[in-house]
Amino acid sequence: MKNNRIKRNWRVPKGQELTELDKKVLYYQEKGYLVPTRKLIKTPEQIEGIRRSGVINTGVLDLIASEIRAGMSTAEIDRLVYEYTTAHGAIPAPLNYEGFPKSVCTSINEVVCHGIPSEDEILEEGDIVNVDVSTILDGYYSDASRMFVIGQTSPEKQKLVDVARECLEVGMQAARPFGFVGDIGNAIQRHAHKHGFSVVRDLCGHGVGLEFHEDPEVEHFGRKGTGMLLVPGMVFTIEPMINMGTYEVFVDEEDGWTVVTEDELPSAQWEHTFLMTEQGLEILTY
Ligand code: MF3
Ligand code: CO
């Protein structure tokens, strides 16, 4: 019986013998679950490439961790990212991406993400800042971000930073092979709400590796057992943006990039690139 509601993403080339993986994914597909395309399953060679890209990406973030301080402009962070990345034979993925003018996103306090580094923006004691680094090495993409607290911040902002980090961890733990993308978002949402915070809905994690943004969309909220099937070999980010107040955000009209909370209360985000394995997620950006 043909079920036209099924989106047949998983296609095995004619005449090719079915692997165990094919059989397993086809079983879910026939039951009506959304499954990835076969192209989203990375080959061992591709995984190695993304892994090597991730090593440089992590090197960038470690460099920023050691250099970031009060009195520094976000343009200085941008220069450090550009210089380290290119010195290691790689390219900063944000630079000229859909017109983005800099090599990294720097998002302070009420800025949720996609903040543009500037000479005029000086880090101050008590700021919480997300530095979002993405690297292309030999055509392979990796993507990760961390929060940095400048000196000491308020207990509320520190808690937001900590809970956002925990949200990434619970999301990671919730992702099982042959589970669903919705399991991740559900775990994140529960953890954020438990602490009285909200989850940004307008931006999500994403497949990554051969391009900057691939399928699936990884929402940071949702219901268990919904969304795309998680299959070993998939590579994607989880990058929850957690707000102190409302989840609603807007994009700065002047620059077309900077995403800000509607109520101008602070926001925090942590991100890693992950490989789904038979055992669960492996971090490729440590
Ligand atoms: N690094 C962001 C992400 O996590 C994307 C930034 S796009 C840019 O998906 F153009 F703003 F850099
Ligand atoms: Co990302």
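Residues numbered from 1 in each chain as written. Chains lettered and ligands numbered in written order. Predicted model: local features only at pLDDT ≥ 70, side-chain atom pairs only at ≥ 80, totals over all residues. Heavy atoms only, no water.

Undergrad: Hey, could you go over a negative patch on the surface for me, with residue numbers and the actual values?
TA: On the surface, a cluster of negative charge is made up of Asp 202, Glu 248, Glu 262, Asp 263 and Glu 264. Tracing the chain through its elements places Glu 248 in the loop between strand 10 (241–243) and strand 11 (249–251). (Patch = residues over 30% accessible without salt bridge, like charges linked within 9 Å, V, L, I, M, F, W, Y side chains within 5 Å. Areas by Shrake-Rupley, 256 points an atom, 1.4 Å probe, with all protein chains shown as cover. Salt bridge = Lys/Arg side-chain N within 4 Å of Asp/Glu carboxyl O. Lys, Arg positive; Asp, Glu negative; His and termini not counted. Charge placed at Lys NZ, Arg CZ, Asp CG, Glu CD. Helix = DSSP H or I, 4+ residues; strand = E, 2+ residues; numbered from the N terminus.)

Undergrad: Which residues make up helix 5 (residues 181–194), and what are the values?
TA: With 14 residues, helix 5 ought to run about 20 Å at 1.5 Å a step, and its terminal C-alpha atoms sit 21 Å apart, in line with that. Taken across its 14 residues, helix 5 has 11 buried, putting it largely inside the fold. Among all positions of helix 5, only Val 181, Gly 182, Asp 183, Ile 184, Gly 185, Asn 186, Ala 187, Ile 188, Gln 189, His 191 and Ala 192 are buried. In this structure, the buried side of helix 5 is in contact with helix 4 (155–174), strand 6 (198–199), strand 8 (214–218), strand 9 (235–238) and strand 10. Once helix 5 finishes, Gly 196 follows within two positions and takes phi at roughly 80°, a positive value. (Expected span 1.5 Å × (residues − 1). Buried < 20%, exposed > 50% of the residue type's maximum accessible area, 1.4 Å probe, protein only. Contact = heavy atoms within 4.5 Å.)

Undergrad: Mind laying out the packing of helix 2 (residues 44–67) against helix 3 (residues 74–87), listing which residues take part and the relevant values?
TA: Between two packed helices, what matters for the description is the angle formed by their axes and the separation of those axes. Relative to each other, helix 2 and helix 3 sit at 145°, their axes nearing to 10 Å. Crossing angle aside, the handedness with which helix 2 passes helix 3 is right-handed. Residues Ile 56, Gly 59, Val 60, Leu 63, Ile 64 and Glu 67 of helix 2 form the contact with helix 3, whose own contacting residues are Ile 77, Leu 80, Val 81, Tyr 84 and Thr 85. (Axes fitted to C-alpha atoms, helices over the stretch in contact; angles between N-to-C directions. Left-handed = near helix turned anticlockwise from the far one by under 90°.)

Undergrad: Provide a residue-level description of the packing of aromatic side chains, including the pertinent values.
TA: Considering all chains together, one arrives at 8 aromatic pairs under this definition. Look at Tyr 28 and Phe 178: their rings are 6.0 Å apart centre to centre, the planes differ by 15°, and that puts the pair in the stacked class. Taken as a pair, Tyr 28 in helix 1 (residues 20–30) and Phe 178 in the loop between helix 4 and helix 5 lie far apart in primary sequence, 150 residues in all. These aromatic residues form a ring-pair network of at least three members: Tyr 27, Tyr 28, Tyr 33, Phe 178 and Phe 180. Arg 201 extends its terminal NZ or CZ atom over the ring of Phe 221, reaching a point 3.9 Å from the ring centre. (Phe/Tyr/Trp six-rings, centres within 6.5 Å; stacked < 30°, edge-to-face > 60°. Lys NZ or Arg CZ within 6 Å of the ring centre and 35° of its normal.)

Undergrad: Go over the pattern of salt bridges, please, and point to the residues and values.
TA: In this structure the tally under the stated criterion is 11 salt bridges. Two residues, Lys 23 and Glu 20, come together in a salt bridge whose shortest N-O distance is 3.4 Å. Here Lys 23 pairs with Glu 20, and both are found in helix 1, just 3 residues apart, close to one helical turn. Residue class for Lys 23 comes out partly exposed when judged on its relative accessible area of 42%. The network of salt bridges with common partners includes Glu 48, Arg 51 and Glu 282.

Undergrad: An account of the site of ligand 1 is requested, with residue identities and associated values reported.
TA: Around ligand 1 lies a shell of 14 residues, among which Asp 132, Asp 143, His 206, His 213 and Glu 239 are the nearest. Taking His 206, its side chain carries an N or O atom lying 3.0 Å from an oxygen atom of ligand 1. In the environment of ligand 1, an oxygen atom lies 2.7 Å from a nitrogen or oxygen atom belonging to the side chain of Glu 239. One can see that ligand 1 is located within the largest pocket. Considered class by class, the residues forming the shell around ligand 1 number 6 nonpolar, 4 polar and 4 charged. (Near = heavy atom within 4 Å. Polar contact = N/O pair within 3.5 Å; in protein donor to acceptor, adjacent residues only side chain to side chain. 1 Å grid on protein atoms, 1.4 Å probe; cavity = no way out; pocket = protein on both sides within 12 Å on 5 of 7 lines; lining within 4 Å. Sits in = over half its atoms within 2 Å of the grid points. Nonpolar A, V, L, I, M, F, W, Y, C, P; charged D, E, K, R; others polar.)

Undergrad: Tell me about the sheet that holds strand 10, and name the residues and values.
TA: The 3 strands are arranged 6-10-13 in an open sheet whose pairing can be described as antiparallel. Two strands close off the open sheet at either side, each with one partner strand: strand 6 and strand 13 (267–269). Across the face of the sheet, helix 4 comes into contact with strand 10 and strand 13 while running at roughly 35° to strand 13. (Pairing = 2+ DSSP bridges.)

Undergrad: Break down the pairing of strand 5 (residues 140–149) for me, with residues and values.
TA: Within strand 5, 9 of the 10 residues are buried, which leaves it mostly tucked inside the rest of the structure. In terms of strand pairing, strand 4 (residues 128–137) meets strand 5 through 10 bridges, oriented antiparallel. Looking at the pairing, Leu 137 lines up with Tyr 140 of strand 5. Between strand 4 and strand 5, which pair antiparallel in sequence order, lie 2 residues; one of them, Asp 138, sits at a positive phi of approximately 50°.

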